[in-house]
Amino acid sequence: QQFTKTRAMPAPDVGTIAEGEREAKRMKAAVDGEAEAGASVAATAAGDSGEWDASVSLESLRRGIGGFARERDWEQFQTPRNLLLALVGEVGEVSEIFQWKGEVDSKLSSFTEFEKVHLGEELSDVLFYLLRLSDVCGIDLGKAAGLKLEKNHRKYPVAKSKGRSTKYDKL
């Protein structure tokens with residue numbers, strides 16, 4: 001197999017060493033099984049706080065993931081095709097978490113804490129591969145997403161689409 005999956009947290013780039021060291025210590029504490037740190041990581045990963053960490057940007061993740069691949073000489077394997085196939089595989093892993101559960105509420109009330117953390121890990125893998133694919137292809141994903149959101153606002157004006165699931169060309 002020519003492609004090696006990147007499943008660990010990306011290494012921080014030079015500009016975010018202190019932030020990366022704090023994150024590494026937090027992750028090490030969780031891996032080492034320290035109950036308090038592990039519970040904190042689980043709660044954060046499961047979204048219990050209701051807030052997202054605004055200090056994490058697409059750019060910092062993109063740099064970290066790229067550095068992680070470079071340090072391991074994995075760039076040679078990370079072609080657009082291989083990254084896309086890995087991304088699809090990770091989406092499949094997210095699907096497996098929901099498989100056979102029926103309808104699931106947005107609070108994931110039927111999920112165990114382990115399942116919530118596992119979901120966060122698999123969604124992170126999807127994000128990592130999506131960011132890596134966009135980086136390798138030279139697409140500024142943040143900018144592209146912002147433009148797409150603007151386009152969607154035009155395609156789905158509130159007055160015509162509120163409370164409806166109709167496709168834009170049928171409004």
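Being a predicted model, the structure only gives us computed values, none of them experimental. (Residues numbered from 1 in each chain as written. Predicted model: local features only at pLDDT ≥ 70, side-chain atom pairs only at ≥ 80, totals over all residues. Heavy atoms only, no water.)

### Observations regarding the packing of aromatic side chains
Tallying each qualifying case throughout the model produces 3 aromatic pairs. Judged by centre distance (5.7 Å) and plane angle (70°), the ring pair of Phe 68 and Trp 74 falls under edge-to-face. Take Phe 68: its relative accessible area is 6%, and that puts it in the buried class. A relative accessible area of 17% places Trp 74 in the buried class. With a centroid separation of 5.4 Å and an interplanar angle of 55°, the aromatic rings of Phe 98 and Phe 111 are classed as tilted. One end of the pair, Phe 98, is in helix H4 (residues 80-98); the other, Phe 111, is in the loop between H4 and helix H5 (113-136), and 13 residues separate them in sequence. Note on Phe 98: relative accessible area 30%, which makes it partly exposed. In this structure, Arg 72 is placed above the aromatic ring of Phe 68, and the distance from its NZ or CZ to the ring centre is 3.6 Å. Over the ring of Phe 111 we find Lys 101, and its NZ or CZ is 4.8 Å from the ring centre. (Phe/Tyr/Trp six-rings, centres within 6.5 Å; stacked < 30°, edge-to-face > 60°. Buried < 20%, exposed > 50% of the residue type's maximum accessible area, 1.4 Å probe, protein only. Helix = DSSP H or I, 4+ residues; strand = E, 2+ residues; numbered from the N terminus. Lys NZ or Arg CZ within 6 Å of the ring centre and 35° of its normal.)

### Let's talk about the pattern of salt bridges
Scanning the model with the defined rule gives 9 salt bridges in all. With a closest N to O distance of 2.7 Å, Arg 62 and Glu 59 form a salt bridge. One end of the pair, Arg 62, and the other, Glu 59, are both in helix H3 (residues 58-71), 3 residues apart, so they sit about a helical turn from each other. What makes Arg 62 partly exposed here is its relative accessible area of 28%. When its relative accessible area of 35% is taken as the criterion, Glu 59 is described as partly exposed. Linking Glu 113 and Lys 116 is a salt bridge whose minimum nitrogen-to-oxygen distance equals 3.6 Å. Taken together, the residues Glu 113 and Lys 116, both in helix H5 and 3 residues apart, mark about one turn of the helix. Residue classification places Lys 116 among the buried positions, given a relative accessible area of 13%. Through salt bridges that share partners, Glu 59, Arg 62, Arg 63, Arg 70, Glu 75, Arg 132 and Asp 135 make up one connected network. (Salt bridge = Lys/Arg side-chain N within 4 Å of Asp/Glu carboxyl O.)

### A short note on the nonpolar core
Ranked by size, the top nonpolar core spans 11 residues in total: Leu 83, Ala 86, Leu 87, Val 94, Ile 97, Leu 108, Phe 111, Leu 119, Val 126, Tyr 129 and Leu 133. Breaking this core down by element, the ones donating at least two residues are H4 and H5. Among the elements that take part in this core, H4 stands out by supplying 5 residues, more than any other. Residue contacts for Phe 111: discarding those within four places in its chain leaves Ile 97, Phe 98, Lys 101, Val 104, Lys 116 and Leu 119. (Core = buried A, V, L, I, M, F, W, Y, C linked by side-chain atoms within 4.5 Å. Contact = heavy atoms within 4.5 Å.)

### Thoughts on the environment of Arg 63
Residue placement: Arg 63 occurs in helix H3. Sequence-wise, Arg 63 and Leu 131 are 68 residues apart; in three dimensions their C-alpha atoms are separated by 9.6 Å.

Function-wise, these values are silent; they only describe arrangement.
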